[in-house]
Structures are given as structure tokens and as C-alpha cells.
Amino acid sequence: MALAGVNNVATPILFEVTQVCGPCVDGAEFGREDAQLELEGGVPRLYILRLKGKELKFDRITHHAQVTQCLGSADGRPWYMGVAPASLLSDAPGDDGRLPWAPPAISDVRVFKVEGPTFLKLNKGTWHAGPLFEDPQMDFYNLEHTDTNVTDHNTHVFSREDGVQFVIDTAS
């Protein structure tokens, strides 16, 4: 078991793998604070994702190599996300049509608390576990491709491959 401390959402390491986006005033022009999306190669899907029973622990982590993904709480309640940098080995698809990857290093996994009117835009290939939360149920808005979870869902299972499960320490 690995105890995962919680980092502030504004920590610089988070910006290596994602973009933190918050409210902007009406009429503001597109800029660096806006989500820098990469949605080519598929049909975008924006929907409300209802999740139940997501405890503050994880033993697997997933990435989407071909699309950015945006996740945010629909009501601003606090939630957590485990992330690690992308580990794609090539830009050329393998025989299975997927981009080859290496599993993330255990030491590269970080957990962040997100709250308020904020969402995360995960860069292509960013490993992520979550959203995770303490409430029995939460709704999240989610932007990805219509078939992301079918054609671009790549998972590493730490418990099976490394004998590790991450437990989020909210007191840190």
C-alpha cells in the first residue's frame, strides 16, 4: 500500500500533465486560461457523468493517448484525482492500432484536490485515477470523444503488476 499525500491544485507539477481551468468573465476572448483542447480524430462528447462509491483509494490508472479530456464537479464539491505524466513510447500506432506506452512509475503518481468552479483538462496520454471523492455520489461534466472508453482506454493495474494500492491521505 502506498499512502498518497494530497497536493494543492495549483502545484507546478500538475501543470506538466494537465491544465487547471476556472471561471472567466462573459465576453472574454480565448486565451491561455482556457482549455487547450485536442479533439481531432473523433466526435466530441460532453456529458454529465454520475459516479457512486468512489473511495479515496485506487489500484489502477488510465490514459487516453488520442484525445484531451476535461473533468469537473458539476456542483463544485471537492474531489481528488491521481495523475502521472504521459509515458507514450511512440507516435506511431502498433499492430493493435493503439499508441505504445510504458506504465507510469509509482514515484510519478501525485494526487490533487480540486474544488469550487474548477475543472481539469488532461493532456493527451496523462495517466489519471479518478475522480475520487468522499460523498456517496457526485456528478461531473466530462468532455472526451464519443468512443474514448472503447478505442482509447489504456489501463495499468498497480495491484497486479506492482503489488501497490494508493490510499489518499486527506490530512496531508
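A brief report on the enclosed structure follows. (Residues numbered from 1 in each chain as written. Predicted model: local features only at pLDDT ≥ 70, side-chain atom pairs only at ≥ 80, totals over all residues. Heavy atoms only, no water.)

### Remarks on the layout of surface pockets
Within this model, the largest pocket holds a volume of roughly 510 Å³. Lining the largest pocket are 25 residues, with K54, T62, A129, G130 and P131 positioned closest to its centre. Top contributing element to the lining of the largest pocket by residue count: strand β10 (residues 127–132), with 5 residues. (1 Å grid on protein atoms, 1.4 Å probe; cavity = no way out; pocket = protein on both sides within 12 Å on 5 of 7 lines; lining within 4 Å. Points joined across faces, edges and corners; volume = space filled by probe spheres on them. Helix = DSSP H or I, 4+ residues; strand = E, 2+ residues; numbered from the N terminus.)

### What to know about the state of the cysteines
Counted according to the given criterion, the structure contains 0 disulfides. Note on C24: no disulfide assigned, nearest cysteine sulfur contributed by C21 at a separation of 9.3 Å. The cysteine C70 is free of any disulfide, with C21 supplying the nearest cysteine sulfur at 6.5 Å. Relative accessible area serves as the criterion here: at 5%, C70 is assigned to the buried category. (Disulfide = S-S within 2.5 Å. Buried < 20%, exposed > 50% of the residue type's maximum accessible area, 1.4 Å probe, protein only.)

### Re the pattern of salt bridges
This structure, assessed with the given rule, holds 8 salt bridges. The salt bridge partner of D59 is R60, with a shortest N-O separation of 3.1 Å. We note a salt bridge from R77 to D135, for which the minimum N-O separation is 2.7 Å. Placement of R77 in the loop between β6 (69–73) and β7 (79–84) and of D135 in the loop between β10 and β11 (137–145) is noted, with a sequence separation of 58 residues between them. Assessed through its relative accessible area of 27%, D135 is described here as partly exposed. Overlapping salt bridges bring together D75, R77 and D135 as one network. (Salt bridge = Lys/Arg side-chain N within 4 Å of Asp/Glu carboxyl O.)

### Notes on unusual backbone geometry
Glycine aside, residues mostly have negative phi, and peptide bonds are mostly found in the trans state. In this model, G130 is joined to P131 through a cis peptide bond whose omega is 15 degrees. Tracing the backbone through its elements, the reader meets P131 in strand β10.

### Examining the sheet that holds β11
Spatial strand order, β2-β9-β6-β11-β3: 5 strands in an open sheet with antiparallel pairing. With one partner strand each, in any of the chains shown, β2 (18–21) and β3 (44–52) form the two edges of the open sheet. Taken pair by pair, the neighbouring strands of this sheet meet at an average axis angle of 20 degrees, ignoring direction. (Pairing = 2+ DSSP bridges. Axes fitted to C-alpha atoms, helices over the stretch in contact; angles between N-to-C directions.)

### Re the packing of aromatic side chains
Working definition: an aromatic ring pair is given by the centre-to-centre distance plus the angle between the planes. If you walk through the whole model with that rule in mind, you get 6 aromatic pairs. The interplanar angle of 80 degrees and the centroid separation of 5.3 Å between the aromatic rings of W79 and F140 together place this pair among those described as edge-to-face. One end of the pair, W79, is in strand β7; the other, F140, is in strand β11, with 61 residues separating them in the sequence. On the basis of relative accessibility, which here comes to 0%, the residue W79 falls in the buried class. Ring centres of W101 and W127 lie 5.0 Å apart, and the angle between their planes is 75 degrees; this geometry places the pair in the edge-to-face category. (Phe/Tyr/Trp six-rings, centres within 6.5 Å; stacked < 30°, edge-to-face > 60°.)

### Remarks on the nonpolar core
The biggest cluster of nonpolar side chains holds 15 residues, and the ones touching the most others in it are L49, L71, W79, M81, V83, F133 and F140. Every element with two or more residues in this core is listed here: β3, β7, β8 (110–114), β9 (119–122) and β11. If near-sequence neighbours (up to four positions away) are discounted, M81 is found in contact with L71, R110, V111, F112, L120, H128, A129, G130 and P131. (Core = buried A, V, L, I, M, F, W, Y, C linked by side-chain atoms within 4.5 Å. Contact = heavy atoms within 4.5 Å.)

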